[in-house]
Amino acid sequence: MTSNTITVLVTGAAGYIGCHVVLELLQSEYDIVAIDSFITSQKTERKGSLPPSLERVHKLTNRPISFHMVDLLDSGTLTSVFKQHKIDCVIHCAGVKGVRESYESPLKFYQNNLEGTINLLNVMEEARVRKILFASTCTMYGNPEYLPMDERHPVMISRISPYSRTKVFCEEILKDICSSNKEWKVLSLRYFNPVGSHESGMIGEYPNGVPSILIPLACFVALGLQPEVQIFGNDFETRDGTAMRDYVHISDLASCHLNALNKLFYSNFSGWKAYNLGSGKGYTVTEVIETLEKTSGKIISKRIVPRRSGDAVASYADITLAEKELGWKAERGLEKMCQDAWRWHSQNPNGYDLKGKQRYISG
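Note that the structure is predicted; figures quoted are calculated from it, not measured. (Residues numbered from 1 in each chain as written. Predicted model: local features only at pLDDT ≥ 70, side-chain atom pairs only at ≥ 80, totals over all residues. Heavy atoms only, no water.)

Participant: Run through the packing of aromatic side chains, naming residues and quoting values.
Facilitator: Applying the stated criterion to the full structure yields six aromatic pairs. With 5.3 Å between their ring centres and 40° between their planes, Y206 and F220 make a pair best called tilted. Linking Y206 in the loop between β7 (193–195) and α7 (214–222) with F220 in helix α7, this pair joins segments that are 14 residues apart in sequence. The exposure class of F220 is buried, given its relative accessible area of 1%. Geometry around W272 places K175 over its ring, the cationic atom sitting 4.5 Å from the centre. (Phe/Tyr/Trp six-rings, centres within 6.5 Å; stacked < 30°, edge-to-face > 60°. Helix = DSSP H or I, 4+ residues; strand = E, 2+ residues; numbered from the N terminus. Buried < 20%, exposed > 50% of the residue type's maximum accessible area, 1.4 Å probe, protein only. Lys NZ or Arg CZ within 6 Å of the ring centre and 35° of its normal.)

Below, the structure written as structure tokens:
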């Protein structure tokens, strides 16, 4: 089986991570069936057309994308998609995300992320499609017990957010499926903090509401869409006193899905396994803001505020396993992440809204 005969269904395909994954797969000659419910991504404006992010992916690749508007909670519509296409594998990026929001709306997270995944797995089993890459998260590790964090790091259910719990529970479900049927092949890809955009500046991240990730927020401030970046604490035991996190370029992250597909299709692997996907490096809040100021040529207003309860001093990945078993390693550093993020945000200040409606400016 060669890549141009493999059809991959990507859930959440119109979202930030999903559209970058679709782009990588199309460039490597995979055929794509894309589905999205537009809970967290921008909806297509006319029936039968691609959503804006995938329309731009199509322009970049000049390759066809079969798109269906599907909510994973709707098993009937999902089943019809599997009947229309001969699907060989699934990359499951769909779901609601956000640590803070999950504390406010836990039922929304459990329903969408857990029930949606269970529905997807049931439909896959019916169709005898038993290969899946699952988009998981480093937030399941909670406050690090040691650094860098490898895949054996403890997961403390009682100390993590409802969002993180949904990912842990999904991984446990996937493990159980693999134990019950040896034909299943499952890789859980534990993302650290994806940032940046495709180097073309045509696709990128545009969050609904105020960004919670540092680099998009700092770009909003540089564009005048937000007044300032709040830095939560400057007395951490790091190089400059600000908290340290592992950021990974979205294109590096997306490329790893190709390596993971190779493992599913071209090795004797079966069962379940997890891999950390990060840069393997820690960058402080101050380093990120200073790099983005250099990249954008803008002064980014910032204010030190008290630490948030539970915030880790530092969190970054051990990516040795992904490098050893998948042949993958992040190549792009912080400067490239900031350059590509700024290109996207400065060229698309209203995201994919081509009508040019001005987004809010909060004071």
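Participant: Residue-level account of a nonpolar patch on the surface, with values.
Facilitator: On the surface, V155, I157 and F169 cluster together into a nonpolar patch covering about 190 Å² of accessible area. Note that V155 resides in the loop between β5 (131–137) and α6 (162–180). Looking at V155, the relative accessible area reads 30%, which means it is partly exposed. (Patch = residues over 30% accessible without salt bridge, like charges linked within 9 Å, V, L, I, M, F, W, Y side chains within 5 Å. Areas by Shrake-Rupley, 256 points an atom, 1.4 Å probe, with all protein chains shown as cover. Salt bridge = Lys/Arg side-chain N within 4 Å of Asp/Glu carboxyl O.)

Participant: Can you break down the sheet that holds β5 residue by residue, with the values?
Facilitator: Strand order in the open sheet formed by seven strands is β3-β2-β1-β4-β5-β6-β11, with parallel pairing between adjacent strands. Both edges of this open sheet fall to β3 (66–69) and β11 (271–277), since each of them pairs with a single strand only. For this sheet the average axis-to-axis angle between neighbouring strands, irrespective of direction, equals 20°. Note: strand β1 (residues 7–11) against strand β2 (residues 31–36), five bridges, orientation parallel. Bridge assignment links V8 to a residue of β2, and that residue is I32. Across the sheet, helix α8 (residues 250–266) is in contact with β1, β4 (89–92), β5, β6 (185–191) and β11; its angle to β6 comes to roughly 160°. (Pairing = 2+ DSSP bridges. Axes fitted to C-alpha atoms, helices over the stretch in contact; angles between N-to-C directions. Contact = heavy atoms within 4.5 Å.)

Participant: Could you give me a rundown of the environment of I91, with the residues and numbers involved?
Facilitator: Looking at where I91 falls in the secondary structure, it is placed in strand β4. By relative accessible area, I91 is classed as buried at 0%. For the pair I91 and D340, spaced 249 residues apart in sequence, the C-alpha separation works out to 25 Å. In this structure I91 touches V8, L9, V10, T11, V21, L25, L133, H257 and L261, once residues within four positions along its chain are discounted.

Participant: Which residues make up the pattern of salt bridges, and what values go with them?
Facilitator: The tally for this structure, following the rule as stated, stands at 18 salt bridges. Here R130 makes a salt bridge to E125, at a shortest N to O gap of 2.8 Å. A salt bridge links K273 to E325, with the nearest nitrogen and oxygen atoms 2.9 Å apart. One end of the pair, K273, is in strand β11; the other, E325, is in helix α10 (residues 320–326), and 52 residues separate them in sequence. Classification of K273 as partly exposed rests on a relative accessible area of 26%. We classify E325 as partly exposed; its relative accessible area is 30%. Connected through shared salt-bridge partners, E199, K336, D340 and R343 make up one network.

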